[in-house]
Every structure is written in C-alpha cells, then in structure tokens.
Amino acid sequence: MEKFITLESKAIPLPIENIDTDQIIPARFLKATNKIGFGANLFRDWRFDENNNPISTFSLNNPIYSGSILVAGDNFGCGSSREHAAWALADYGFKVVVSSYFADIFKGNALNNGILPIQVSPNFLKTLLNAIELNPDTVILIDLENQNIELLATNEKESFEIDAYKKICLLNGYDDIDFLISNKDKIEKFEQTRTY
C-alpha cells in the first residue's frame, strides 16, 4: 500500500444516506477474485442507465467535480460485508471517504485497502457538502498524523478518530504482513527470551 500522511484534494459530493455495499458495487460484478477493474462498476446502477449511458445528474459523472475524496451522506457502507466495495472505491481512485457514520465492517475493509474512512459530526458533514456545492473547486486537507480534516478556504476543521494500529499501517504504507515484518527484530528478540 502507499503511505498516507497528508492529502490535499478536491472532493466529489454524494449527499445520499444509507449507501449500502450493493449500491457501491452491485452483486452481479463480484465474480472476480483480484482487486483490478472494480472501479469501472463503482455505483454502476446510479452512474449508468439501462443502455449503459452515463447519467449526467449523478455526481461522479459531473465534470465539475473531481478529486480523490468522496464526501457521502450518513451511514455509508451498510449492508453486506463485501470487501469488493472497498476495492471498487480504491480502484476508482478514492483515497478518503467522509461520512457522519460508517458501518464497522466497511470501515475495516476500507482501512485494509488503503482507504481512510473519516467520520465527522453531522454539522461538519453539512459544512463540507455545502462548501463543495457552492464551489466545486473547494480543497480539503486531510492530515492523518494530527487526525484533522480541514476546508482550506475557510480554515474550518474537525478532528477524527482512527484505530492506532491502522493509523501506523496507513502512515507507513503497511498491510498486516508488512507490519509484522517491520517488527521482525522485536519478535526475534522476544522469542530469544522465551523458555520452553
């Protein structure tokens, strides 16, 4: 995984509540077992009509919006536990998803795939969505080390929580195996002190 320390990016708004994993990546696209190519079908039934034409009113199809941050409504990632939802978001190019609530399983899957789910207060979420709607060029700064999310134009910011272990992994670009390897010397030293 890539290291994640800070990110400065525009954002794509998706002010819809209760977005479940079947809406993020419909079940009919879950046949593949590797992570490549899922981004093409991210929000497939919202992005395309029955003739596979892009739906221009959907924010991911609107050329005024861009960036690697998705700002979504409350309760993002509910429903089934499919990891493919995180794969699709990452493959599309999102590095951060912001919401006022995440389903726990989705949050874990996102973190395991290098996506930072940032849970903010409902009021700050409204502030972000309003800012993006008023100005699609709005830039958001994510500072993982200090656990802050900030609207650069107004300096409005809020802190966010993250599991300490997952924070270490993201900051260093580690998956679980990389983390264990990074502690190899400590593990070997500990094993030498053990008596069997």
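Right above here is the structure, for reference.
Please read these numbers as outputs of a predicted model, since none were measured by experiment.

1. Some points on the overall build of the protein chain
Of regular secondary structure, the protein chain possesses eight helices and eight strands. In terms of overall size, the protein chain behaves like a compact globule, its C-alpha atoms giving a radius of gyration of 18 Å where 196 residues would be expected to give roughly 16 Å. Considering only contacts within the protein chain whose residues lie at least 6 apart along the sequence, 64% involve residues at least 24 apart. Roughly 10,600 Å² of accessible area belongs to the protein chain as shown, and the carbon and sulfur atoms make up 50% of that amount. Across the protein chain, the centroid of the 18 positively charged side chains sits 5 Å from that of the 27 negatively charged ones.

2. A few points about the packing of aromatic side chains
In the structure shown here, the tally under the stated rule is eight aromatic pairs. Between Phe76 and Phe102 the ring centres are 6.2 Å apart and the planes differ by 80 degrees, which places this aromatic pair in the edge-to-face class. Of the two residues, Phe76 is situated in the loop between strand S3 (69–72) and helix H3 (84–92) and Phe102 in the loop between strand S4 (96–99) and helix H4 (104–112); the sequence distance between them amounts to 26 residues. Considered together, Phe76 and Phe102 belong to a single accessibility category, that of buried residues. Between the aromatic rings of Phe76 and Phe106, the centroid separation amounts to 5.2 Å while the plane-to-plane angle is 75 degrees, which identifies the pairing as edge-to-face. Taken together, the residues span a long stretch of sequence, with Phe76 in the loop between S3 and H3 and Phe106 in helix H4 at a distance of 30 residues. Given the relative accessible area of 0%, Phe76 is considered buried. Taking the relative accessible area as the measure of exposure, Phe106 reaches 2% and is therefore buried. Three or more aromatic residues joined by ring pairs make a cluster, and in this case those are Phe43, Trp46 and Phe58.

3. Description of H3
Among all positions of H3, only His84, Ala85, Ala86, Trp87, Ala88 and Leu89 are buried. On its buried side, H3 packs onto helix H1 (21–24), S3, S4 and H4.

4. Looking at the sheet that holds strand S8 (residues 156–159)
As summarised here, the arrangement of the four strands in space is S1-S6-S7-S8, forming an open sheet in which the pairing is antiparallel. Since the sheet does not close on itself, it has two edges, and those belong to strand S1 (6–9) and S8, each with one partner. Direction aside, the axes of adjacent strands within the sheet are offset by 10 degrees on average. The pairing of strand S7 (residues 148–151) with S8 spans four bridges and is classified as antiparallel. Across the sheet, the residue bridging to Ile149 is Glu158, located in S8. Where helix H5 (residues 122–134) meets the sheet, its contacts fall on strand S6 (140–143), S7 and S8, and the angle it forms with S7 comes to roughly 35 degrees.

5. A short note on the pattern of salt bridges
Counting across every chain of the model gives five salt bridges. One salt bridge in this structure joins Asp45 and Arg28, with 2.5 Å as the shortest N-O distance. Placement of the pair is Asp45 in helix H2 (residues 44–47) and Arg28 in the loop between H1 and H2, with a sequence separation of 17 residues.

6. Considering the sheet that holds strand S5 (residues 116–119)
The sheet built from four strands is open, its strands ordered S2-S3-S4-S5 with parallel pairing. Edge positions in the sheet fall to strand S2 (11–14) and S5, since each of these pairs with one other strand and no more. Each strand axis lies, on average, 20 degrees off the axis of its neighbour in the sheet, ignoring direction. Where S4 lies against S5, four bridges are found, and the strand directions are parallel. Looking at S5, one finds that Val96 is bridged to Leu116.

7. Focus: the packing of H3 against H4
Axis separation between H3 and H4 bottoms out at 8 Å; the angle between their running directions is 45 degrees. Between H3 and H4, the angle is such that the two are oblique. The crossing of H3 and H4 is right-handed. Contact residues: H3 offers Ala85, Ala86 and Leu89, while H4 offers Phe106, Asn109 and Ala110. When the residues that make up the contact of H3 with H4 are grouped by side-chain class, the tally is five nonpolar, one polar and no charged.

Reading guide: rules and limits
Residues numbered from 1 in each chain as written. Predicted model: local features only at pLDDT ≥ 70, side-chain atom pairs only at ≥ 80, totals over all residues. Heavy atoms only, no water. Helix = DSSP H or I, 4+ residues; strand = E, 2+ residues; numbered from the N terminus. Rg over C-alpha atoms; globule rule 2.2 N^0.38 Å. Contact = heavy atoms within 4.5 Å. Areas by Shrake-Rupley, 256 points an atom, 1.4 Å probe, with all protein chains shown as cover. Lys, Arg positive; Asp, Glu negative; His and termini not counted. Charge placed at Lys NZ, Arg CZ, Asp CG, Glu CD. Phe/Tyr/Trp six-rings, centres within 6.5 Å; stacked < 30°, edge-to-face > 60°. Buried < 20%, exposed > 50% of the residue type's maximum accessible area, 1.4 Å probe, protein only. Pairing = 2+ DSSP bridges. Axes fitted to C-alpha atoms, helices over the stretch in contact; angles between N-to-C directions. Salt bridge = Lys/Arg side-chain N within 4 Å of Asp/Glu carboxyl O. Parallel < 35°, antiparallel > 145°, perpendicular 65-115°, else oblique. Left-handed = near helix turned anticlockwise from the far one by under 90°. Nonpolar A, V, L, I, M, F, W, Y, C, P; charged D, E, K, R; others polar.

Keep in mind that these numbers describe shape and distance, not what the molecule does.
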